Amino acid sequence: MTAALRTKQLRKSFGALQVAKDINFSLDQGARHALIGPNGAGKSTFVNLLSGTLKPTGGKVYIGDVDVTNASPASRVNRGLARTFQINSLFNQMTVTENVALAVSARLKSDGGLWRNPVRQPELQREVDRLLDMVDLTSVATKRISEISYGQRRLVEIALALALKPSVLLLDEPAAGLPKSSSERLLELLVRLPRETAILIIDHDMDIVFGFADTVTVMFQGGILVEGKSGEIKSNALVREVYLGNARHA
């Protein structure tokens, strides 16, 4: 079965500094996969290479069978790749519904001005309602983004990504800045996300990582240190050594 997303010998250098080193990575269709590593391991660089916000020095990126190495971020979205960010960028003076409706309108390629009158676009309204219910935001649908909690804003961002109906979803530190209670709620949501979407989560919250992912890839010094099932990685002595900052891995 063709992987939903994969890379082949992916490299990135800034002058003499190599920040991504011949990365061979595969995200299976419908996968629940996590990417972890200490600060400076190269996780953000790798995700930026996947999403197209950084151009590689060498190697390839594929979405399904399609080579998207030189494709723009927008082209990758059209191919089924969606991404959330560490820092959300929502329209604070618009309601939760309005933010999600804009994303759905973009996918449906409908008139951007009609989302304010959902009666004229019942298909759009149904989809918005479905997404809000999926991420448990129906109760705050009419509130402005500026009026809801930080944790709820992270859920809105996930709804925006899901509005694109992606085959691949990259979640970039969705638990960053969340209190324990909110991160537990986030984990419950992530577990319920549709299985037809392959999900790669990048996070430092190990409760989220090991509660969600079936497979975990560990990055260190710009490359893949080890990959395996969650239980194997959790008990891996080398991984623990890396996180303690005492690794001697070359």
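Residues numbered from 1 in each chain as written. Predicted model: local features only at pLDDT ≥ 70, side-chain atom pairs only at ≥ 80, totals over all residues. Heavy atoms only, no water.

Considerations on the pattern of salt bridges
For the structure on display, the rule yields 8 salt bridges. The salt bridge involving D67 is made with K60; its shortest N-O contact spans 3.3 Å. Residue D67 is classed as partly exposed on the basis of its relative accessible area of 37%. Residue D207 pairs with K180 through a salt bridge whose shortest N-O separation is 2.4 Å. One end of the pair, D207, is in helix α7 (residues 206-212); the other, K180, is in helix α6 (residues 180-192), and 27 residues separate them in sequence. A relative accessible area of 47% means that K180 is categorised as partly exposed. A single network of salt bridges, built from pairs that share partners, joins R107, E127 and R130. (Salt bridge = Lys/Arg side-chain N within 4 Å of Asp/Glu carboxyl O. Buried < 20%, exposed > 50% of the residue type's maximum accessible area, 1.4 Å probe, protein only. Helix = DSSP H or I, 4+ residues; strand = E, 2+ residues; numbered from the N terminus.)

Notes on the domain arrangement of the chain
Taken as a whole, the chain is organised into domain 1 (1-80 + 167-249) and domain 2 (87-165). Between domain 1 and domain 2, the C-alpha centre-to-centre distance is 26 Å. Each partner contributes residues to the interface: domain 1 has 17 residues there, and domain 2 has 13 residues. For the pair domain 1 and domain 2, the two sides together bury roughly 1200 Å², of which 67% comes from carbon and sulfur. Among the residues domain 1 hides against domain 2, the three largest losses belong to L169, R185 and L189. Together they make up 37% of the total. (Domains from an automatic or database assignment. Contact = heavy atoms within 4.5 Å. Buried area = accessible area lost by both parts, 1.4 Å probe.)

Looking at α6
Taking 1.5 Å of rise per residue, the 13 residues of α6 would be expected to cover 18 Å, and the 19 Å separating its terminal C-alpha atoms lies within 8% of that figure. Among all positions of α6, only S183, L186, L187, L189 and L190 are buried. End-on, the buried residues of α6 take up no more than an arc of 165°, which puts them together on one face. For α6, the exposed residues set more than 90 degrees away from the buried face come down to S181 and V191. Contact partners of the buried residues in α6: α4 (122-134), α5 (150-163), β7 (168-172), β8 (198-202) and α7. (Expected span 1.5 Å × (residues − 1). Arc of directions from axis to C-beta.)

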